[in-house]
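Fold and geometry: a report
Given next are the chains, with one letter for each unit.
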Amino acid sequence: MVSIKIDQEMVQRCLNFANTIILTNNQFRRIDDTIEQRIERTFVGKLAELAFLELLHQNNIEYPEGDMFTIYQGENNVDHFDFITNNGFTVDVKSASKPFHSRIMIPIDQFNRIPKHFYVGVKLNGTVSNDKILTNTITRAEIYGYCTYQALQQTPTENYGALDCKAINLNNLHPIKYLLQLFQADGSEH
């Protein structure tokens, strides 16, 4: 596991992104939930991505931020991956955002329609009050590691509330250093 410092500028950028994309109806809606829940879920997902980008930079991997904070019009206009390695493998970053979260979960429709080669698990350290994450309390992101699409394919699909998902425990992920090597390998540009 690798710990990444989260500062308030990172939090604010991700919160602004989440508010904007949700309040302009430009994000795919998987489940029937409140606007506040959708903003929170989008926020933690984006913050986990930003933490992974910071990990790449700390390991002297010059990966561009690119269009990470670009909002595309239409809720069906979804990205096909969060990151791509130098040799073309796709990477999706998943967050475990609340203290009691111990797994990353991939909605089955996303897993089947837009599979990624690798899934990275990031745990945020924020405090929760009334089932809401207090965004200003997030100071660290723990990058537990990664798993492969094939490994998740072998796990049973389970229902988590209103959503069927593939899930894996954060403690069962492979060390992130092995995935980082694919970002340093020779190959095509990202």
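Our structure is the block above this text.
This is a predicted model, so every value here is computed, not measured.

1. Quick word on the packing of helix H2 (residues 35-58) against helix H5 (residues 176-184)
- Two elements in contact, H2 and H5, have axes whose closest approach is 11 Å; the angle formed by their N-to-C orientations is 70 degrees. Overall, the two elements H2 and H5 adopt an arrangement that is roughly perpendicular. Taking contact as the criterion, the partners of Phe 52, Leu 55 and Leu 56 in H2 are, on H5, Ile 176, Leu 179, Leu 180 and Phe 183.
- Across the contact of H2 with H5, the residue classes break down as seven nonpolar, no polar and no charged.

2. Quick notes on the nonpolar core
- Formed by 43 residues in total, the largest nonpolar core has its most connected members in Phe 52, Phe 83, Val 120 and Leu 179.
- For this core, the elements supplying multiple residues, two or more each, are helix H1 (8-23), H2, strand E2 (83-84), strand E3 (90-96), strand E5 (118-124), strand E8 (140-148) and H5.
- Tallying contributions element by element places H2 first for this core, with eleven residues.
- Residues within four places of Leu 179 in sequence aside, it is in contact with Phe 52, Val 91, Phe 118, Val 120 and Tyr 146.
- With twelve residues, the next largest nonpolar core counts Ile 108, Phe 111, Ile 168 and Leu 170 among its residues.

3. Quick look at the pairing of strand E10 (residues 163-169)
- With five of seven residues buried, E10 lies mostly within the body of the structure.
- Inspection of the sheet shows strand E4 (residues 103-107) paired to E10 by five bridges, in the antiparallel sense. Note that in E10 the partner of Ile 106 across the bridge is Lys 166.
- With antiparallel pairing between neighbouring strands as the criterion, strand E9 (residues 158-160) and E10 make up a hairpin whose turn holds two residues, including Gly 161 at a positive phi of roughly 75 degrees.

4. Quick notes on the pattern of salt bridges
- Taken as a whole and judged by the stated rule, the model has seven salt bridges.
- When the shortest N-O distance is used, the salt bridge between Glu 65 and Arg 13 registers 2.7 Å. Taken together, the residues span a long stretch of sequence, with Glu 65 in the loop between H2 and E2 and Arg 13 in helix H1 at a distance of 52 residues.
- For Glu 65, a relative accessible area of 32% puts it in the partly exposed group.
- The closest approach of N and O atoms between Asp 92 and Lys 94, which form a salt bridge, is 3.4 Å.
- Owing to a relative accessible area of 5%, Asp 92 belongs among the buried residues under this scheme.

5. A short note on the sheet that holds E9
- Spatially, three strands are ordered E4-E10-E9 in an open sheet, and the strand pairing comes out antiparallel. At either end of the open sheet lies a strand with only one pairing partner, and these are E4 and E9. Averaged over all pairs of adjacent strands, the angle between their axes in this sheet comes to 55 degrees, without regard to strand direction.
- Bridge count for E9 against E10 is three bridges, and the pairing is antiparallel. Counterpart to Tyr 160 in the pairing with E10 is Leu 163.

Each value, and the rule that gives it
Residues numbered from 1 in each chain as written. Predicted model: local features only at pLDDT ≥ 70, side-chain atom pairs only at ≥ 80, totals over all residues. Heavy atoms only, no water. Axes fitted to C-alpha atoms, helices over the stretch in contact; angles between N-to-C directions. Helix = DSSP H or I, 4+ residues; strand = E, 2+ residues; numbered from the N terminus. Parallel < 35°, antiparallel > 145°, perpendicular 65-115°, else oblique. Contact = heavy atoms within 4.5 Å. Nonpolar A, V, L, I, M, F, W, Y, C, P; charged D, E, K, R; others polar. Core = buried A, V, L, I, M, F, W, Y, C linked by side-chain atoms within 4.5 Å. Buried < 20%, exposed > 50% of the residue type's maximum accessible area, 1.4 Å probe, protein only. Pairing = 2+ DSSP bridges. Salt bridge = Lys/Arg side-chain N within 4 Å of Asp/Glu carboxyl O.

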